[in-house]
Amino acid sequence: MEFDLEDPLVSLEEEQTFTISELFASESEHVPSPNCLTSTHFRVFCCEAISLILQVQVSCKLDPFVAYLAINYLHRFMSSQEIPQGKPWFLRLVVISCLSLASKMKNTTLSFLVIQKEGCYFKAQSIQRMELLILGALKWRMRSITPFSFLHFFISLAEIKDQSLKQALKSRASEIIFNAQNDIKLLEYKPSTVAATALIFASHELFPQQYSILRASITASEYLDGETLSKCFDLMQDMMRMEAKELMIDTSFLSTETPVSMLERNTKRQRI
Amino acid sequence: MWNEESDWIGSFDSQLARLAECRMCSRDRGERPDATGMDLEVLEVAEEGSYGRVFRCLDIHTGALVTMKQITMVRLSQGVPAPIIREVSLLKELHHANIVKLLRVGLTENRYVNLVFEHLDYDLHHFIVNRGYPKDALTVKSFMYQILSAVAYCHSLKVLHRDLKPSNVLIDHSKRLIKLADFRLAGEFADDLLYTEKLGTSWYRAPEILCDSRQYSTQIDLWSVGCIFAEMVIGQPLVQAINCRDELEGIFKLLGTPTEETWPGITKLMPNLHIYYPKFDALGLETFVTDLEPSGLNLLSMMLCLDPSRRISAEAALKHAYFIDVNYVSLLLL
């Protein structure tokens, strides 16, 4: 058996409504349990772990989907566990194991040696044990339902006929979703809500003329709650403003080559 | 003196305990696995292979019969093998009345993954061989409808079965209920796309795979279903009914050796086709598959279509005229 992780739906021309409704029904089973989101320990641990995963993604040139999947496993696993204190190696072992599991699900080869070249080294046996622990905690449901699973469906609602426009929309929405994974607040929202929000933003950026049509067709979907969508929209808007603000700050440093600016830039570099 | 004697006795007791433990270990390792951690009692070994075994078990709590597939984890230098993770993860997402249910997943000694499935009385192979095949036309139709329902469901999730054959079609005899299963062992779905050649299993393999095509999709399962359909009607594997030196020759004798016209792309796929295979004229399905109503024969011909791009889909097959008199009432009455 084999299957497509990114797009579990077949062509919607065949109107397989049982599959669509099943996808929406089961998405809640692939998110972390709600109770953990209020825990400070959970947030701190996950932020540090995500940072490490993204470092590995850059240094090993991983498929972004592998990193995204690994972060999903991390959230689901840590939301079902007590975070151990006084074991600094635990975080790194969890990160390596989540990346390993994600790469296996995506059927890409990822050597333990490569992802561990910085920092302490774990034996294959230790990683295997952690992998089995994570698999058990996630009930072996590793084909996570992520926002990417819903993009095709929502795009199809708008009845866009231009294929290149569809593809551009999907690409930009995916990019927004990848960038959003840094913010842990998004965990409060279901993958379908995140997908819908990302598409609305993408359409506004790329195709302002189509924006109102697409937004109307998405918000009309029976599977989405309007109020929740609105809150998610506000959160993502804040995130994108922060992102833009950071870019502006970088730009403003470059525009003025005064001694004060150089000093500040040097400080920033040291901090990084 | 007394102390020396005590030490000797204590030492002897320790050695006896260790020896007994070794015997228990060797017995477990040699024959039936200890499944008490899974709350199961092992009844018998159903199947053996290089990468694991299949057992018939009794669920201690419910008293129900279950099937446990025990997969040995090999090549642990890279942790838990990817094929195991992928298969289990996939099975966990399949929920359909005509697909065998994975009840739970457990571990033994961090060396074996134990998959516990619901148990069904027979498989279709056993049914055909021992019970003279389902001669009742309505039973054939019902079985076909259920098989196609399961396949259509899998394909809608972009899941291929890839090894459909009668022994993977389980039957709840009293209910005439069909469930698809896959009791292949871990090593048989390695990451490479090439199949291992095994006696008998290639009888259900699609021609594009037999031609060594690496490009295949859902259509391969429809070919297999077509072979199963024919076998239910005639009581033996279709290719076996034809006098031929290999499966591909049998297919070409039956349907005619393909040309660029009948199968666009075949000359690129098999440049030496006409060196290895004569230009057979089609004997025709009706020559071998007798006693099947015309609409059934029509559906069969759409499944056993050489050109994969023209082969019928599972979804479309369910809407074929052959099934026009199949409804839930008649399914329940069976």
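Residues numbered from 1 in each chain as written. Chains lettered and ligands numbered in written order. Predicted model: local features only at pLDDT ≥ 70, side-chain atom pairs only at ≥ 80, totals over all residues. Heavy atoms only, no water.

The helix and strand inventory of chain A stands at 12 helices and zero strands. Secondary structure elements in chain A, listed N-terminal to C-terminal, are α-α-α-α-α-α-α-α-α-α-α-α. Going through the 272 residues of chain A one by one, you find that 50% of them count as buried. For chain A, restricting intrachain contacts to residue pairs at least 6 apart in sequence, the fraction spanning at least 24 positions comes to 79%. A total accessible area of about 14000 Å² is found for chain A, and carbon and sulfur atoms account for 54% of it. (Helix = DSSP H or I, 4+ residues; strand = E, 2+ residues; numbered from the N terminus. Buried < 20%, exposed > 50% of the residue type's maximum accessible area, 1.4 Å probe, protein only. Contact = heavy atoms within 4.5 Å. Areas by Shrake-Rupley, 256 points an atom, 1.4 Å probe, with all protein chains shown as cover.)

Counted under the stated rule, the structure contains 16 salt bridges over all chains. A salt bridge links B:Arg245 to B:Glu249; its shortest N-O distance comes to 3.0 Å. Here B:Arg245 falls in the exposed class, since its relative accessible area comes to 53%. Connected through salt bridges with shared partners, the residues A:Arg172, A:Glu175 and A:Glu205 form a single ionic network. (Salt bridge = Lys/Arg side-chain N within 4 Å of Asp/Glu carboxyl O.)

Before going further, it helps to examine the nonpolar core. Membership of the largest hydrophobic core comes to 126 residues, with the highest contact counts inside it found for A:Leu74, A:Met78, B:Leu148 and B:Phe229. In this view, B:Phe229 contacts B:Val140, B:Met144, B:Leu292, B:Gly296, B:Leu299, B:Leu300, B:Met303 and B:Tyr322; residues no more than four positions away in its chain are not counted. Judged by nonpolar contacts, the second largest core, of 43 residues, contains A:Phe150, A:Leu165, A:Ile200 and A:Met236. (Core = buried A, V, L, I, M, F, W, Y, C linked by side-chain atoms within 4.5 Å.)

Residues and elements named next belong to chain B. A large share of strand S2 (residues 52-59) lies buried, amounting to six of its eight residues. Two elements, S2 and strand S3 (residues 65-72), share seven bridges in a ladder whose sense is antiparallel. Counterpart to Cys 57 in the pairing with S3 is Val 66. From the end of S2 to the start of S3, which pair antiparallel, there are five residues, and Gly 63 there has a positive phi angle of about 75°. (Pairing = 2+ DSSP bridges.)

This part covers the packing of aromatic side chains. Residue and element names in this part refer to chain A. Applying the stated criterion across every chain yields a total of 20 aromatic pairs over all chains. Note on Phe 201 and Phe 233: the rings are 4.5 Å apart at their centroids and 10° apart in plane angle, and the pair reads as stacked. With Phe 201 in helix H9 (residues 191-206) and Phe 233 in helix H11 (residues 226-255), this pair connects stretches of sequence that are 32 residues apart. Grouping residues by exposure puts Phe 201 and Phe 233 together as buried. Joined through ring pairs, the aromatic side chains of Phe 24, Phe 150, Phe 153, Phe 154 and Tyr 223 make up one cluster. Just above the ring of Phe 233 sits the side chain of Arg 215; from NZ or CZ to the centre is 5.0 Å. (Phe/Tyr/Trp six-rings, centres within 6.5 Å; stacked < 30°, edge-to-face > 60°. Lys NZ or Arg CZ within 6 Å of the ring centre and 35° of its normal.)

Our next topic: H9(A). Structurally, the α-helix is built with 3.6 residues per turn, so residues lying three or four positions apart point the same way. For H9(A), built from 16 residues, the straight-helix expectation of 22 Å at 1.5 Å per residue is met to within 8% by its first-to-last C-alpha distance of 22 Å. A large share of H9(A) lies buried, amounting to 13 of its 16 residues. (Expected span 1.5 Å × (residues − 1).)

A word on the confidence of the model for chain A. Detailed reading of predicted coordinates is not advised where the pLDDT is low. Residue and element names in this part refer to chain A. Averaged over every residue, the pLDDT of chain A is 77; residues scoring 70 or more account for 79%. Per-element confidence in chain A is highest for helix H6 (residues 124-137), whose mean pLDDT is 92, and lowest for helix H12 (residues 259-271), whose mean pLDDT is 41. Low pLDDT (under 50) marks residues 1-17, which in the prediction has 56 contacts with non-local residues, meaning those over four places away or in another chain. The model gives residues 251-272 a pLDDT under 50, and that stretch makes seven contacts with residues more than four places away or in other chains. (pLDDT = per-residue confidence, 0-100.)

All names here are of chain B. One open sheet holds the three strands; their spatial order is S6-S7-S8, and the pairing between them is antiparallel. Sheet topology places strand S6 (122-123) and strand S8 (177-180) at the edges, where each strand pairs with a single neighbour. Relative to S8, strand S7 (residues 169-172) runs antiparallel, the two being bridged by four bridges. From the neighbouring strand, Leu 170 faces S8, where its bridge partner is Lys 179. Running over the sheet, helix H4 (residues 137-156) touches S7 and S8 and is turned about 35° from S8. (Axes fitted to C-alpha atoms, helices over the stretch in contact; angles between N-to-C directions.)

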